[in-house]
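Here are the chains, one letter per residue:
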Amino acid sequence: MSIQYINMISNRLSLRAPQRDSLEILSRICEIVTLGKSEDTNTQLEVIKSEFPHIESFDRNFISLCFALATGVGKTRLMGAFISYLHLCEGIRHFMVLSPNLTIYNKLITDFTPNTPKYVFKGIGEFAQLPPLIVTGDNYETGLGIRQDGMFPIYENEAHINIFNIAKITAKDKGHFSKDDTRSTIPRMRRLSEYIGESYFDYLSNLDDLVILMDESHRYRASAGMAAINELNPILGLELTATPHVERGQRTEPFKNVIYNYPLSSAMSDGFVKEPAVATRENFDAKNYSDDGLEMVKLEDGVHIHEVTKADLEIYARNNNQPIVKPFMLIVAMDTTHANSIKEKIESDDFFEGAYKDKVITVHSKNTKGGEGDDIVQQLLTVEDSTNPVEIVIHVNMLKEGWDVSNLYTIVPLRAANSKTLVEQSIGRGLRLPYGKRVGEPAVDRLTIVSHDKFQEIVDHANDPNSIIRAGVIIGRDIPEKGKKAIIVETELSGLISGTTETNRQKKPSKQYEIKTETDSVFESEKEQEIAKTAVEEIKKFEHLKGSQELQKPEVQKKIVEKIKETITTPNKETQPEEQVDIAKVVETTTKLFQEKSIDIPKIIVVPKGDVDCGFKEFDLDTSAINLKPVSQDILIQHLQDRERFTMQSENAFVEEKRLEDYIVRGLISFDDIYYDEHSTILYKLASQAVTHLKSYLTEESDVINVLQFHQQTLVKLIYAQMQEHFYETATEYEVNVTKGFQPLVPNNYSASADETVRDFRIPIPEGQRNQIKSMLFGSFQKCLYPIQKFDSDSERRFAVVIENDPQAEKWFKPAKGNFRIHYSDKDNYEPDFVVETSNTKYLCEPKRASEMTDEIVLAKAKAAAIWCKQASEHTKESDGKEWKYLLIPHDQISEQKTLEGLAASCLIES
């Protein structure tokens, strides 16, 4: 496996873990089989099955392997990574990228075109110097893609990427010839070309290094598509899909060539996509509604959810200094007539008083061609743009694969479909996240399907262990487990006191898995060990000291001894002789051990000092995002994966206020930093502006009251978010308080496969197993304060080797949660990966992929950590005198010949 190219491509393209896993598998395939047209596919299959036994067949006449990645994880970028690797590492020059329809075809051409927003090769320097030649189904007949080696030497190694819609190689050219002309039955690609001297299809099929990449490969399993692809006779096929199966009547046939499967359930767990949810009304009974009545209820409730989501997205953006996302709602219609009637209904004056006029488009086969159709397609493609007025898209079975948007938040399906189809097809269009990851706010992270009549069916399907919401093992990455064990790793100090450094307590019905690492206690008797354990508990009460060295002061030693004498149990003299133990000596030994087997980490708090003035500057409320509507009944939203429920309460749950503004003011004064007596003027000003805005589009006062009651918290949060942008605080100065001079280390809690043993951390991990490193246990340390550690990456393991090799390094550990509380944003804390103490310095160390060194969050954490180190260094001047330093270390600088001091020369971050 060429780890050099894998690392380079992964870093430059910022591949996610499942994308990198896929790339590593491709690299391994290239190692174990010979790619070529003359190779026997049966032999190749057996070789691949020797390492990937779940592969049953190639499903085609050549090596074809399927990488099944959930929608939203990034299949197009993975195609770019595959091509980059095969071209740069394997020397392959000819590629064909197949799309199942025109939507994906056009999208792929854009994504493979340099200087476009989602260019798949952005960061690959070799392609920046010599970009691949892009040949499409629209320009191949010019002879553009015919390589003429020797004529233009500079282009001989140029990659050729052919992008074709599958119809181009299967469809007949009827209409250009008479019924009796045999040419009418031959696809254009197969007909002789005067520019080429043969058909372009034959040209491609005769290439000795053609690789085919099949986007949405489940669409190429029909007989015509299968046969045409087989006739192209490539040396390798790479299939990408989120649904690795085909429907054969009532049967579902899974692919037999899936080499890697990263299902939707894993993408949800890892936070790569939105959390799908289903919404209805509480106590709803569809039997009480006519078809038209049910449709109207679903449309109205969809709009309510859409408007609340729009406000919540603005609140989040303002609170977190992020760009504001404009959400839109998708309505699935039965047919074109139905779609047009829905549009007419939504844009009428009777529907929320005409609030959605000119904000709705319909998308179907009959209105997306020609002049007006071009405008509709353009509006659809730019629906994420805040300047695009479209908030509702109505479509008829047209927006399937290939339509990538991140601002779809509400889906209203009005087309008859079973629950499985609703879940597995509808949500696929809206799973992408606008900020690239989940942010922890339900409204920002959620995609809501409004389905009153199918609510229970959808919930039941989602709860089915075999549904895409829950099912899925990551083939090619997960190690089949024979059971799991939970491991409590005590500190080395605990082992030296009690003699046991690690135990496991995970019980199974049939057996209990245990791992025990024994070491000799420094204390000879159980009584001494008991006293030592008590001494450690007493030491925690002296954390306020400047450092652990002060534990050796006579007065501190005396206090610990006295406390132990009060709490330790004295043997019953009548039944057992009293053991003579020198408590003072045990305490002295224990406190020395505590110093040797821990690193003093101060607890630092920054607080204002002197006169502090705070408040809110005068400003006018921005009401552009407020378009909330009155609601007549509670709406229930249930997440499909974690089953969490949210309820939008009805108006009868609220206490009436005398003034309309009081609905808002009452909610605002519940915040801790708002005081009615001091802030009442600005509170009523902003509340009045909100009420005035509501009255501008709600003609009935009862509707204004309904919105104020029903959406009170949404309005309050939106106003509060804007107030925070105008908050000020002034202090004459700030001071740093060190509330603790040291903190005892706590046990680490790990889980691992039942058959996982503790590995020697110095032994390299084979390249094909590095993506499994998070599940491994490592030991054999000499300087680590824990006998067992886990690593998140092989770079971390190698950094541990650097520490252990460094003669200046005395001790180190990976912090457990809670060891540090380094604030780097209003809501988030940072905990570094390593703490290392040398003979003269203490380091906080963060190994990172080189591609992440300019990431905004990484840099924010680094800045906060550097400030923390500066403050901690001021404190340690009066204790052990060692300076704290923060190192942000690119993974490609970590090698065994390095020292911490050497890394500090290039990786030190200063405040």
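Criteria and thresholds
Residues numbered from 1 in each chain as written. Predicted model: local features only at pLDDT ≥ 70, side-chain atom pairs only at ≥ 80, totals over all residues. Heavy atoms only, no water. Helix = DSSP H or I, 4+ residues; strand = E, 2+ residues; numbered from the N terminus. Buried < 20%, exposed > 50% of the residue type's maximum accessible area, 1.4 Å probe, protein only. Contact = heavy atoms within 4.5 Å. Areas by Shrake-Rupley, 256 points an atom, 1.4 Å probe, with all protein chains shown as cover. Core = buried A, V, L, I, M, F, W, Y, C linked by side-chain atoms within 4.5 Å. Pairing = 2+ DSSP bridges. Axes fitted to C-alpha atoms, helices over the stretch in contact; angles between N-to-C directions. Parallel < 35°, antiparallel > 145°, perpendicular 65-115°, else oblique. Left-handed = near helix turned anticlockwise from the far one by under 90°. Nonpolar A, V, L, I, M, F, W, Y, C, P; charged D, E, K, R; others polar. Phe/Tyr/Trp six-rings, centres within 6.5 Å; stacked < 30°, edge-to-face > 60°. Expected span 1.5 Å × (residues − 1). Disulfide = S-S within 2.5 Å. Salt bridge = Lys/Arg side-chain N within 4 Å of Asp/Glu carboxyl O. Arc of directions from axis to C-beta. Polar contact = N/O pair within 3.5 Å; in protein donor to acceptor, adjacent residues only side chain to side chain. Right-handed = clockwise from strand over helix to strand, strands pointing away.

K.L.:
Quick question: what am I supposed to make of the overall build of the protein chain here?
P.N.:
A count of helical and extended segments in the protein chain gives 27 helices and 32 strands. For the protein chain, the residues scored as buried account for 53% of the 911 residues in total. Once local pairs closer than 6 in sequence are excluded, the contacts in the protein chain between residues at least 24 apart make up 73%. Just so you have it, the protein chain exposes about 41900 Å², and 46% of that area is on carbon and sulfur atoms.

K.L.:
What am I meant to see in the nonpolar core here?
P.N.:
As a rule of thumb, soluble globular proteins bury nonpolar side chains together. Residues Ile48, Leu86, Phe112 and Ile259 are the most contacted members of the largest nonpolar core, which totals 78 residues. For this core, the element with the most residues is helix H4 (residues 75–88), which contributes eight residues. Excluding anything up to four places from it in sequence, phenylalanine 112 contacts Met79, Ile83, Val97, Tyr119, Val120, Phe121, Ile134, Ile161 and Ile163. Formed by 54 residues, the second largest nonpolar core is a distinct cluster that contains Val801, Trp868, Leu887 and Cys907.

K.L.:
Whenever I open this one, the sheet that holds strand E26 (residues 809–813) confuses me. Can you help?
P.N.:
Note on sheets: strands pair through backbone hydrogen bonds, and any given pair is parallel or antiparallel. Spatially, E26-E29-E30-E31-E32 is the arrangement adopted by the five strands of the open sheet, whose pairing is mixed. Across the chains shown, the open sheet's two edge strands, defined by having one partner strand only, are E26 and strand E32 (908–909). Looking at chain direction, strand E31 (residues 883–890) and E32 are connected through two bridges and run antiparallel. Note on E32: the bridge partner recorded for leucine 887 is leucine 908.

K.L.:
Got a minute to help me understand the packing of helix H2 (residues 17–32) against helix H3 (residues 41–51) in this structure?
P.N.:
Viewed as axis vectors pointing N to C, H2 and H3 meet at an angle of 130°, and their least axial separation amounts to 10 Å. The angle between H2 and H3 places the two elements in the oblique class. Crossing hand, H2 versus H3: right-handed. On H3, the residues that touch Arg28, Ile29 and Ile32 of H2 are Val47, Ile48 and Glu51. Within the contact of H2 with H3, the residues separate by chemical class into four nonpolar, no polar and two charged.

K.L.:
What exactly am I supposed to notice about the packing of aromatic side chains here?
P.N.:
Think of a pair of aromatic rings as described by two things: how far the centres are apart, and how the planes are tilted against each other in angle. A complete count under the given rule lists 27 aromatic pairs for this structure. Measuring from centroid to centroid gives 4.9 Å for phenylalanine 67 and phenylalanine 82, while their planes differ by 55°, and the two rings are tilted. One end of the pair, phenylalanine 67, is in strand E1 (residues 64–69); the other, phenylalanine 82, is in helix H4, with 15 residues separating them in the sequence. This pair shows no difference in class: phenylalanine 67 is buried, exactly as phenylalanine 82 is. Ring centres of phenylalanine 351 and phenylalanine 352 lie 4.8 Å apart, and the angle between their planes is 90°; on these two criteria the pair is classed as edge-to-face. One exposure class covers both phenylalanine 351 and phenylalanine 352, and it is buried.

K.L.:
Explanation requested: the environment of isoleucine 564 in the structure shown.
P.N.:
Structurally, isoleucine 564 can be placed in helix H19 (residues 554–567). Remark: the alpha-carbon pair of isoleucine 564 and valine 587, spanning 23 residues in sequence, is separated by 9.2 Å. Excluding its chain neighbours within four sequence positions, the residues that come into contact with isoleucine 564 are Ile531, Thr534, Ala535, Glu538, Ile583 and Val587.

K.L.:
Please explain the sheet that holds strand E9 (residues 258–262) as it appears in this structure.
P.N.:
Strand order in the open sheet formed by seven strands is E3-E4-E2-E5-E6-E1-E9, with parallel pairing between adjacent strands. Looking at the sheet topology across the chains shown, the edges are occupied by strand E3 (133–136) and E9. Within this sheet the neighbouring strands show an average axis-to-axis angle of 15°, counted without direction. Relative to E9, E1 runs parallel, the two sharing four bridges.

K.L.:
When you look at helix H24 (residues 712–725) in this model, what are you seeing that I'm missing?
P.N.:
Compared with the 20 Å implied by 1.5 Å per residue over 14 residues, the 20 Å span of H24 between its first and last C-alpha is a close match. Of all 14 residues in H24, 10 are buried, a share of seventy percent or more. Residues of H24 that are buried: Gln712, Thr714, Leu715, Val716, Leu718, Ile719, Tyr720, Ala721, Gln722 and Met723.

K.L.:
Whenever I open this one, the state of the cysteines confuses me. Can you help?
P.N.:
Should the sulfur atoms of two cysteines be covalently bonded, the bond is a disulfide. Considering all chains together, one arrives at zero disulfides under this definition. No disulfide involves cysteine 845; its sulfur sits 9.2 Å from that of cysteine 869, the nearest cysteine. Using a relative accessible area of 0% as the deciding quantity, one classes cysteine 845 as buried.

K.L.:
Got a minute to help me understand the pattern of salt bridges in this structure?
P.N.:
Side chains bearing opposite charge may pair, as long as their charged atoms lie close to each other. The tally for this structure, following the rule as stated, stands at 36 salt bridges. The shortest N-O distance in the salt bridge between glutamate 543 and lysine 740 comes to 3.1 Å. On the criterion of sequence distance, the pair formed by glutamate 543 in the loop between helix H18 (526–539) and H19 and lysine 740 in strand E22 (residues 727–740) is long-range, its members being 197 residues apart. Taking relative accessible area as the criterion, glutamate 543 reaches 13% and is therefore assigned buried. Sharing partners across several salt bridges, the network here consists of Glu307, Lys310, Lys359 and Glu391.

K.L.:
I tried to follow helix H12 (residues 336–346) on my own but got confused; where do I start?
P.N.:
Two residues of an α-helix separated by three or four positions point the same way, owing to the 3.6 residues in each turn. Within H12, burial applies to Thr336, His338, Ala339, Ile342 and Ile346. Looking down the long axis of H12, one finds its buried residues gathered within 160° of arc, a one-sided arrangement. When the buried face of H12 is taken as reference, the exposed residues oriented beyond 90 degrees from it are Thr337 and Glu344. In this fold, the buried residues of H12 make contact with helix H11 (291–319), strand E11 (328–332), strand E12 (360–363) and strand E13 (392–395). Where H12 begins, the side chain of aspartate 335 points an oxygen toward the backbone nitrogen of threonine 337, at a separation of 3.2 Å.

K.L.:
What should I look at first to understand the pairing of strand E30 (residues 841–848) in this one?
P.N.:
With seven of its eight residues buried, E30 lies for the most part within the structure. Sheet analysis places strand E29 (residues 834–838) next to E30, joined by four bridges and oriented antiparallel. Bridged to glutamate 837 within E30 is lysine 842. Counting the residues that bridge the hairpin from E29 to E30 gives two residues. Handedness of the crossover joining E30 and E31 through helix H26 (residues 856–876): right-handed.

So, to be careful, I would describe these as geometric facts and stop short of saying anything about function.
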